[in-house]
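Listed below, chain by chain, are the residues.
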Amino acid sequence: MIIRNNAANRRLVKQMRDIVEAEIGFRAHIDRTWNRGDDIRFEIGCVGLDSPLIVSTCVHEDGRFEMLVRLLRQKFDADETWLLACRLNSVTTMRNRIGALTAQARPELSAWYEKENA
């Protein structure tokens, strides 16, 4: 997700970081210098080399938050299936909590986003 670098969005990113880092196996990656400092890039990373998925995030003009989950493998043994289920439950929790935050905050989107979707 790429949003404008302003005070309200910086507060929102801190709240989103706390939500992500409360879930085991995930870390927030925040770059406040994106687009020469005009924007903040927020992504969710999975911890561990054995992570079975990638999580991408996006916020829309209406404040609607989306998460895209991509699986890295097609076959899982029993232990890997359990890990995947735990991670997907965490993704659901994060999506619900961050979605509520972004709907309320309605973050100002990046100027780049506005140009791309004009």
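All values reported here derive from a predicted model rather than from experimental measurement. (Residues numbered from 1 in each chain as written. Predicted model: local features only at pLDDT ≥ 70, side-chain atom pairs only at ≥ 80, totals over all residues. Heavy atoms only, no water.)

Asks: Summarise the overall build of the protein chain; cite the residues concerned and give the values.
Replies: Broken down by element type, the protein chain carries three helices and five strands. Helices and strands in the protein chain line up, N terminus first, as β-α-β-β-β-β-α-α. Against the 2.2 N^0.38 benchmark of 13 Å for 118 residues, the protein chain shows a C-alpha radius of gyration of 15 Å, consistent with a compact globule. Judged by the C-alpha coordinates and their principal axes, the protein chain covers about 45 × 25 × 25 Å. Per-residue burial over the protein chain gives 36% buried out of 118 residues. For the protein chain, contacts bridging at least 24 residues in sequence account for 55% of all contacts bridging at least 6. Accessible area of the protein chain: about 7,300 Å², with a carbon and sulfur share of 50%. One way to put it: in the protein chain the 18 positive side-chain charges average out to a point 3 Å from where the 17 negative ones average out. (Helix = DSSP H or I, 4+ residues; strand = E, 2+ residues; numbered from the N terminus. Rg over C-alpha atoms; globule rule 2.2 N^0.38 Å. Buried < 20%, exposed > 50% of the residue type's maximum accessible area, 1.4 Å probe, protein only. Contact = heavy atoms within 4.5 Å. Areas by Shrake-Rupley, 256 points an atom, 1.4 Å probe, with all protein chains shown as cover. Lys, Arg positive; Asp, Glu negative; His and termini not counted. Charge placed at Lys NZ, Arg CZ, Asp CG, Glu CD.)

Asks: Quick rundown of the environment of Ser 56? Include the residues and the values.
Replies: Here Ser 56 shows up in strand β4 (residues 53–59). When the C-alpha positions of Ser 56 and Ile 44 are compared, they lie 6.8 Å apart, and in sequence the two are twelve residues distant. Apart from residues lying up to four places away in sequence, Ser 56 is in contact with Glu 43, Glu 66, Met 67, Leu 68 and Arg 70.

Asks: Run through the pairing of strand β3 (residues 39–46), naming residues and quoting values.
Replies: Working note: regular strand, side chains alternate between the two faces of the sheet. In terms of burial, β3 is a largely internal element, six of the eight residues being buried. Relative to β3, strand β1 (residues 2–4) is paired through three bridges, and the arrangement is antiparallel. If you follow Ile 2 over to β3, its bridge partner there is Arg 41. Across seven bridges, the pairing between strand β2 (residues 26–34) and β3 is antiparallel. Considered in β3, the bridge of Asp 31 is made with Arg 41. (Pairing = 2+ DSSP bridges.)

Asks: Lay out the pattern of salt bridges with the relevant residues and their values.
Replies: Taken as a whole and judged by the stated rule, the model has six salt bridges. Across the salt bridge formed by Glu 108 and Arg 4, the nearest N and O atoms sit 3.8 Å from each other. Here Arg 4 lies in strand β1 and Glu 108 lies in the loop between α2 (78–105) and α3 (111–116), a separation of 104 residues in the sequence. Ionic contacts of the salt-bridge type, sharing partners, join the residues Asp 62, Arg 64 and Glu 66 into one network. (Salt bridge = Lys/Arg side-chain N within 4 Å of Asp/Glu carboxyl O.)

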